[in-house]
Amino acid sequence: MATGGGGALLVWSDGRNGNWDIYGQWIHADGSRTWGTGLIVSTAADGQWQPRACSDGRGGIIAAWHDLRNDVWYDIYAAGFDTNMAYTFYDVPICTAAKEQSSVALAPDGEGGAYLAWYDERPEYGSDIYAQRITPSNYAEWQTDGIPVCDEPGYQVSVVMAADGFGGAVLAFLFKQWADE
């Protein structure tokens, strides 16, 4: 995510310590790095993968990833940080409902927080799309583990999201409905 002045804040998953963890880095316009080999964003047990990020609109980013720390299913966690290595929030559970949550997408909310959406395997069969808004002060605004966006029978996967320019977000996803028998 661009920071202004030609620099960028980045996040990635890294297995350098024998466990996949989330790291961040501030890259300056000249290519130099601020935090050596990276700022540790999450080193929880059992691994974290596929981080995604969006700007917080205040010179920082909000990152989210799927996380196996509960040792059974992937959950969604998030963190926010800026170029001063100041965490606005750190390692926050977004969804820890039963079964797997994955493929998180983010969009800025225009107020320093973000909207997050993911596919969720909570239903007995198939998957649904859920969402959550996280405020800049580390508060998951909607109900615990998010709200259903699409919970039709079948599979909803591969969610993408973008800010709508009016404080909201638009999302799209693939939907495969159950075949009629």
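Scroll up to find the structure this text is about.
Along each chain, residue indices are assigned from 1 in the same order as the chain's sequence is written. With the structure being a predicted model, the display of local features is reserved for residues of pLDDT at least 70 and the display and counting of side-chain atom pairs for 80 or more, all residues being used for whole-chain, interface and lining totals. Remark: hydrogens and water are excluded; side-chain values derive from all non-hydrogen atoms of the structure.

J.: Is there a simple way to think about unusual backbone geometry in this case?
T.: Negative phi values dominate among residues other than glycine, just as trans dominates among peptide bonds. One non-glycine residue, Gln 50, lies in positive phi territory at about 50 degrees. Position of Gln 50 relative to the elements: it lies in strand β5 (residues 48-55). When a residue's accessible area, from a 1.4 Å probe over protein chains only, is under 20% of the maximum for its type it is buried; when over 50% it is exposed; and in between it is partly exposed. Owing to a relative accessible area of 38%, Gln 50 belongs among the partly exposed residues under this scheme. Here the phi dihedral of Asp 145 falls at roughly 70 degrees; this positive angle occurs in a residue that is not glycine. Counting from the N terminus, the helices are the DSSP runs of H or I reaching at least four residues and the strands are the DSSP runs of E reaching at least two. With respect to the secondary-structure elements, Asp 145 resides in the loop between β11 (128-134) and β12 (147-150).

J.: In this structure, what is going on with the side chain of Gln 101? I would like to understand it.
T.: Looking at the secondary structure, you find Gln 101 in strand β9 (residues 101-108). The class of Gln 101 is buried, set by a relative accessible area of 0%. For the purposes of these results, a polar contact is taken to be a pair of N or O atoms within 3.5 Å, where, inside protein, one atom must be able to donate a hydrogen and its partner to accept one; residues adjacent in sequence count only when each atom of the pair is a side-chain atom. Among the polar contacts listed, one links the side chain of Gln 101 to the backbone oxygen of Ala 98, at a separation of 3.4 Å. Non-local contacts of Gln 101, meaning those with residues more than four positions away in its chain, are made with His 66, Tyr 74, Asp 75, Ile 76, Cys 95, Thr 96, Trp 118, Tyr 119 and Asp 120. The contact criterion used is simple: two residues touch if any of their non-hydrogen atoms lie within 4.5 Å.

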